[in-house]
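These are the residues of each chain, in order.
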Amino acid sequence: MKSTIFKGLTVLAALGLIGCAADRVKPALTYYHGQTPQDAYFEVVRYTPQEIEFKIKVKFASKHMYHLILEGEEPLAEGWYITILGAEDSYRLIMKAKKGVVFEAGKNYRLCIGSESPEYVARYRSSYHCSVDYEFVLPPK
């Protein structure tokens, strides 16, 4: 009887510790600026409040890179995208905003392109290194 109660309490204690560890809030990542190519290498082709289309003329060694649109340190859109240059020596990138996010003309944004997922980086570090960092302002329509 004592053995059963002891085992039960041990299991409850273990579950409590797991719960405490899972509830821990991870600090937000800091996105460090990488190389800043000239504006001629980036172009905002079009945009709506929900998405932005870029034309990018940067050749990366990797065929896939992680792209983020940031406002300050807040990711507004993100994901893995193919970076293979096409016939125009560029690639097109269409990024959709996260739910509840709206892109606005006149605001400052950053396009951060990196080699790792921020989710992966956050497990081990508090900063994310952007291999390429492009600051832009959406023009009025």
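Above this text you will find the structure in question.
## Description of the sheet that holds strand E2 (residues 42-47)
With respect to topology, 3 strands assemble into an open sheet ordered E2-E3-E6, the strand pairing being antiparallel. Whereas interior strands pair on both sides, the edge strands pair on one side only; in this sheet they are E2 and strand E6 (91-96). The sheet shows a mean angle of 25 degrees between the axes of neighbouring strands, direction not considered. Strand direction decides the pairing type here: E2 and strand E3 (residues 51-56), joined by 5 bridges, are antiparallel. By the bridge assignment for E3, Val44 is matched with Phe54.

## Here's the deal with the packing of aromatic side chains
The full count for this structure, using the stated rule, is 8 aromatic pairs. Ring geometry for Phe54 against Phe136: centres 5.3 Å apart, planes inclined by 85 degrees, an arrangement best described as edge-to-face. Within this pair, whereas Phe54 is found in strand E3, its partner Phe136 is found in strand E9 (residues 132-137), the two being separated by 82 residues in sequence. Here Phe54 falls in the buried class, since its relative accessible area comes to 0%. Using a relative accessible area of 5% as the deciding quantity, one classes Phe136 as buried. Ring pairs connect the aromatic residues Phe42, Phe54, Phe103, Tyr109, Tyr134 and Phe136, which therefore count as one cluster.

Here is what the cut-offs are and how they apply
Residues numbered from 1 in each chain as written. Predicted model: local features only at pLDDT ≥ 70, side-chain atom pairs only at ≥ 80, totals over all residues. Heavy atoms only, no water. Pairing = 2+ DSSP bridges. Helix = DSSP H or I, 4+ residues; strand = E, 2+ residues; numbered from the N terminus. Axes fitted to C-alpha atoms, helices over the stretch in contact; angles between N-to-C directions. Phe/Tyr/Trp six-rings, centres within 6.5 Å; stacked < 30°, edge-to-face > 60°. Buried < 20%, exposed > 50% of the residue type's maximum accessible area, 1.4 Å probe, protein only.

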